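Examining the three-dimensional arrangement
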Amino acid sequence: MRPRLLPCSAALLSLALAACQHAPPTTEATPAKPRMLLLGEVHDNADGHAARAALLRRELEAGWRPAIAMEQFDTSQQPALDTAMAECGDAACVVARVAPAKASWAWAHYQPVIALALEYKLPLLAANLSRADASKVVKEGFSAAMPAELIARYKLDALPTEVLAAQETEVRDSHCGALPESLVAPMAKAQIARDVVMAETMRMHASSGVVLIAGNGHVRGDIAVPFWLRRDGMAPRAVGFLEPTSSPTAFDEVHRIPAAQRPDPCAGFKAPKAAD
């Protein structure tokens, strides 16, 4: 003989069944988009390099495993970089194997980042347009050094007026206002070409997350690498490592660093001659 449910028990059972019937179906959480992080630098500021390496180490210790793209290596150096990363036991070996003897980078600043890539077995990506190809852009335009599909993807045949104008201002300022005006727009386009090549390097390796190591000028969100990534539907985060007088407005996050002691960069500056 089946036991008779007490009125309260029957009511509770009825509520439980109703809840089961009307509970919304469970759904899987939407996976987070792979992170795209851009970490800037003032090239000659050792404090900034140390602060950036410390930030990147914290990210890795927390479990992130991105590819590391670096402005300091040209895309043509990728095969040599892959071989060095596979065969070298330390960052100094990688630099000695890949960097040209006359390279202008202060490699001691970058060895901690390379060491992190070795320690955590992360892909290290050569991200920059070569100096030779940048020179071709200055002399002959984008098509002289960049594939047609890359020009089309980023619509370089129809540059946003505000981006080109802002890059022209940056070129003038960085050359102490002494650059022949005929070189300003071509050199601005070479800077844009570098940004686009770095953006494409990040895009191609975005599936598991990627971090870019580059100068603050390439990391700023309004006209540089993040601008081109956002145009392509991505969501990069730009982090500037800025000296006290630099404006923070072009970055998503800012870390202030002490100003480096340096001579006046415009003292004795000699501008390149305009092409005939």
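Remember, predicted model here, so these are calculated numbers, not experimental data.

Working note: regular strand, side chains alternate between the two faces of the sheet. For strand β3 (residues 124–128), the buried fraction is high: 5 of the 5 residues fall into the buried class. Where strand β2 (residues 67–74) lies against β3, 4 bridges are found, and the strand directions are parallel. Residue pairing in the sheet places A69 in a bridge with L125 of β3.

Another point: the side chain of E200. Along the polypeptide, E200 turns up in helix α9 (residues 181–204). Apart from residues lying up to four places away in sequence, E200 is in contact with L150, R153 and Y154.

Looking now at the confidence of the model for the protein chain. Averaged over every residue, the pLDDT of the protein chain is 89; residues scoring 70 or more account for 87%. Note that pLDDT drops below 50 for residues 1–31; the model gives that stretch 2 contacts with residues more than four away or on any other chain.

This part is about the nonpolar core. F142, M146, L156, I192, L212 and W228 are the most contacted members of the largest nonpolar core, which has 46 residues in total. Per element, the largest residue contribution to this core is 11 residues, and it comes from α9. Once residues within four sequence positions are removed from consideration, M146 is found in contact with I151, L156, A193, V196 and V197. L39, A84, A91 and A117 belong to the second largest nonpolar core, which has 34 residues in total.

Moving on: the layout of surface pockets. Over the atoms rolls a probe the size of a water molecule, and its path tells where empty space is left. Volume-wise, the second largest pocket comes out at about 300 Å³. If you trace the second largest pocket, you find 15 residues lining it, with P147, L150, V197, E200 and M204 closest to the centre. Breaking the lining of the second largest pocket down by element, the ones donating at least two residues are α7 (148–153) and α9. The element best represented in the lining of the second largest pocket is α9, accounting for 5 residues.

With that settled, consider unusual backbone geometry. In this structure, K155 is a non-glycine residue whose phi angle is positive, near 55°. Relative to the elements of secondary structure, K155 occurs in the loop between α7 and α8 (161–174). For K155, a relative accessible area of 52% puts it in the exposed group. The phi torsion at C176 lies on the positive side, around 60°, for a residue other than glycine. Of note, C176 is situated in the loop between α8 and α9. For C176, a relative accessible area of 28% translates into the label partly exposed.

Rules behind the numbers
- Residues numbered from 1 in each chain as written.
- Predicted model: local features only at pLDDT ≥ 70, side-chain atom pairs only at ≥ 80, totals over all residues.
- Heavy atoms only, no water.
- Buried < 20%, exposed > 50% of the residue type's maximum accessible area, 1.4 Å probe, protein only.
- Helix = DSSP H or I, 4+ residues; strand = E, 2+ residues; numbered from the N terminus.
- Pairing = 2+ DSSP bridges.
- Contact = heavy atoms within 4.5 Å.
- pLDDT = per-residue confidence, 0-100.
- Core = buried A, V, L, I, M, F, W, Y, C linked by side-chain atoms within 4.5 Å.
- 1 Å grid on protein atoms, 1.4 Å probe; cavity = no way out; pocket = protein on both sides within 12 Å on 5 of 7 lines; lining within 4 Å.
- Points joined across faces, edges and corners; volume = space filled by probe spheres on them.

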